[in-house]
Amino acid sequence: MDLHGAKLSELTTEEEDDGRETQGDMHWQTILLPAQSALLPRYHAKPIYHKWLGELNEFRAKYAEAAQVSNMNHLTNDKELAKVARFLKQNDSCFDESTLERLDREPHYAFYKKPLEEDFVEYTALHRNDTEGLNNFFGNEDLFRSVLHPKVEKVGCSFLRSYCVLKISSRAAIFTNVKRSTVRVLCIFRPKDHFTPGDTFYGKPGSHCSGEVTSRGLSQSAFSSRVVKRSEDLRQQVLGELNEFRAKYAEAAQVSNMNELTYDMELEKEASQYNSCHDKESINRLENEPNYALRKKQIENDFIEYTALHRNDTKGLKRYFGNGDMFFAVLQPNANKVGCYHFTSLCVHKVWSPAAIFTDVKRSTVRGWCIFGPK
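Cut-offs and rules
Residues numbered from 1 in each chain as written. Predicted model: local features only at pLDDT ≥ 70, side-chain atom pairs only at ≥ 80, totals over all residues. Heavy atoms only, no water. pLDDT = per-residue confidence, 0-100. Helix = DSSP H or I, 4+ residues; strand = E, 2+ residues; numbered from the N terminus. Contact = heavy atoms within 4.5 Å. Salt bridge = Lys/Arg side-chain N within 4 Å of Asp/Glu carboxyl O. Disulfide = S-S within 2.5 Å. Phe/Tyr/Trp six-rings, centres within 6.5 Å; stacked < 30°, edge-to-face > 60°. Buried < 20%, exposed > 50% of the residue type's maximum accessible area, 1.4 Å probe, protein only.

Thoughts on the confidence of the model for the protein chain
No. 1: Here the protein chain averages 77 in pLDDT, while 77% of its residues score no lower than 70.
No. 2: Confidence scores differ between elements of the protein chain, with helix α1 (residues 14-17) showing the lowest mean pLDDT of 31 and strand β8 (residues 262-263) the highest of 94.
No. 3: The low-confidence segment residues 4-47, where pLDDT is below 50, has 76 contacts with residues more than four positions distant or belonging to other chains.

Observations regarding the pattern of salt bridges
Pairing between side chains of opposite charge can happen when the charged atoms of each approach one another.
No. 1: With the rule as written, the count across this model stands at 16 salt bridges.
No. 2: Close ionic contact of arginine 367 with glutamate 241 constitutes a salt bridge, the shortest N to O distance being 3.1 Å. Taken together, the positions of arginine 367 in the loop between β12 (363-365) and β13 (368-373) and glutamate 241 in helix α8 (residues 222-253) put the pair 126 residues apart, joining distant regions of the chain.
No. 3: Of the charged contacts, one joins glutamate 266 and lysine 269 as a salt bridge, the two residues approaching to 3.5 Å between their closest N and O atoms. Taken together, the positions of glutamate 266 and lysine 269, both in helix α9 (residues 265-272) and three residues apart, correspond to about one turn of that helix.
No. 4: Connected through salt bridges with shared partners, the residues Glu241, Lys297, Glu300 and Arg367 form a single ionic network.

Things to note about the state of the cysteines
No. 1: Scanning all chains against the criterion turns up two disulfides.
No. 2: The disulfide that involves cysteine 157 links it to cysteine 187, with 2.1 Å between the sulfurs. Disulfide cysteine 157-cysteine 187: torsion about the S-S bond near 105 degrees, hence right-handed. Of this pair, cysteine 157 sits in strand β4 (residues 154-167) while cysteine 187 sits in strand β5 (residues 180-190); the two residues are 30 residues apart in sequence, bridging distant segments of the chain.

Thoughts on the packing of aromatic side chains
No. 1: Considering all chains together, one arrives at 19 aromatic pairs under this definition.
No. 2: Between phenylalanine 245 and phenylalanine 327, the aromatic rings sit 5.5 Å apart at their centres with planes inclined by 75 degrees, giving edge-to-face as the arrangement. Highlighted residues: phenylalanine 245 in helix α8 and phenylalanine 327 in the loop between α12 (314-318) and β10 (337-342), separated in sequence by 82 residues.
No. 3: Note on phenylalanine 245: relative accessible area 4%, which makes it buried.
No. 4: Phenylalanine 327 sits in the buried class, given a relative accessible area of 2%.
No. 5: Through successive ring pairs, a cluster of aromatic residues spans Phe59, Tyr63, Tyr109, Phe111, Tyr112, Phe120, Tyr123, Phe144 and Phe175.

Shown next, in the form of structure tokens:
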């Protein structure tokens, strides 16, 4: 069942349970981690949203294939919904009464352990012709009501600071032997409609979709398809710009071993962790990455011109390629792959002061960060 199916009387600690049967289907308990884990920086403990989003879409795709659901939407990440999830889980206790009340009217899902999801997919595949029976698992208080509903298309998730363990609803015993599960993440879905079993259409996955269909049979809305296309266009644009910059520099400095870059989605995921140009913590962490800020073209053009005029002073040019320098990573000949994150809001940085020797630009807009490999 969904989290809001738990009553306050069903919330106990492990000590209070002492082997007695609970009156409800499940209860929560908080697991206290060793003290040293609290010392870990938050960014080490917090999974990035790409991982959650990928896991959710993978679960939906597997279920759609198992049940032959033909109109299962592909989920996209929504930062505003992530804020909603954080608000709904705003305290450190493990789903207390106030949290359950706030969740009561929200389509939500708590990340359960993988075997529970896999068991349900397997059960579904074995009973795919019993659509009426399968629909019985999607009542208002059921485990997968929201995460596997075809109509939802946006999701936002929030990491739970406290490790929670949930006793699984006794009704789930028909498809799994899992009795309890850790809960890692709380996710909120949209649209916030009144879901009914009639919302599900059956047939070949993707065959009842009005938009484009992913390789796994999930439906992308027209808006999502445009977003995906724009994202791919942006990747190719920045890749072309970076390779052009490298080619111009190689010609100006007569560098004979400059690699052509290819785009790498894993590096893009890494770059997306540094999603703000105002967050000092993110900028400090970037010092450990071969990175480059996408600034205005004039700075790059001025450096190319300066390089061409001083190409014989190779020792002098190399002084611009220390670990903290502007072009250290982007013009590194051995780099051969790149991934970039583009900021959603305008960002302006002061230009590195030693750059005054080759450019008059003092400030520049910054479009995003790029990270290069191999590291």
